[in-house]
Amino acid sequence: MATPTNNSIVKAFAILDLFDDQRDELTTADVAELVGLNTITAHRFLKTLVSVGALHSPRKGIYRPGGKLIEYGERARSARQLAMQLQPFLNALAAESGEGAMATTFDGTMITCIAAAHSNNAYVYSARVGARIEAYATANGKLWLAYSGKEAVESYLEANKLVPLSRATLINRDSVLRETEEIRRKGYAVNRGEREAGLSAVAMPIFAPNGAMIAGISIFAPIPALDQQTETSFTSLLKVAVAAAQDTLFPPSQP
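Below or above, wherever it landed, is the structure these notes cover. (Residues numbered from 1 in each chain as written. Predicted model: local features only at pLDDT ≥ 70, side-chain atom pairs only at ≥ 80, totals over all residues. Heavy atoms only, no water.)

Looking now at the sheet that holds strand β8 (residues 213-222). If you walk across this open sheet you meet the six strands as β5-β4-β3-β8-β7-β6, and the pairing is antiparallel. Of all the strands in the sheet, just β5 (132-134) and β6 (189-192) have a single pairing partner and so form its edges. Strand-to-strand twist of the sheet, defined as the mean angle between neighbouring strand axes without regard to direction, takes the value 35 degrees. Relative to β5, strand β4 (residues 110-117) is paired through three bridges, and the arrangement is antiparallel. Residue Thr112 lies in a different strand from β5, and its bridge partner there is Arg132. (Pairing = 2+ DSSP bridges. Helix = DSSP H or I, 4+ residues; strand = E, 2+ residues; numbered from the N terminus. Axes fitted to C-alpha atoms, helices over the stretch in contact; angles between N-to-C directions.)

Moving on, we get to the environment of Met84. Relative to the helices and strands, Met84 is located in helix α4 (residues 67-97). Residues Met84 and Leu165, spaced 81 residues apart in sequence, show a C-alpha to C-alpha distance of 31 Å.

The next thing to look at is the pairing of β8. In terms of burial, β8 is a largely internal element, nine of the 10 residues being buried. When strand β7 (residues 199-207) meets β8, the two strands line up antiparallel, connected through nine bridges. Bridging across to β8, Ile206 finds its partner in Ala215. Once β7 ends, the chain turns through five residues before running back antiparallel as β8, passing Gly211 with a positive phi of about 90 degrees. (Buried < 20%, exposed > 50% of the residue type's maximum accessible area, 1.4 Å probe, protein only.)

What is shown is where atoms sit, not what they do.
Set out below in structure tokens:
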């Protein structure tokens, strides 16, 4: 069964989509006519968008894009730049491992695939750039949770219901906490069919000089391929890629 859409969110984005090179401000009448709302509803949507910073009203009855949209644009641009810088390392990982590779960011709830590379392996998993994926059931996601710190993990577990996505999904709070502690000890995370039956992955963090995790990268493969020898091989490839990526992103200072 398809997940039902939230019509209020759809309408809100329809309003934001009205802004373009020819239209830099809107009125309630504009929104009512162009989006197909009555005047009262259009006004309520506009006031709500102002309250969250997506719009601002420089004078009564006039609405323009707000600072929050600019902030989101800067975040998207930053993610694109990071993706472009990491892409060569993902390509190398895919070529060297014969499997797929991906890079992710995290918004506190879901991970987002920002870049991916694929091999000619017969097992095909489409790591779609832009896809948002559950954190608790993926190698990248568990990695992000682990390096967010224990308090952040506990907050995440309180705010999110852990639904079984496969027979292997960890949905016990204590089990997840223990695994995140183990990930911090080992320095990498593993997923064995926890989100998608048949798919495994090994993920490793990329850190900024201040110690903050800025991306996760992983190699993913069919589960039968991930024996202990292959897991060791993948972690070795990832260590090399992480070191090279960090040197590219944060070049060592010259003496």
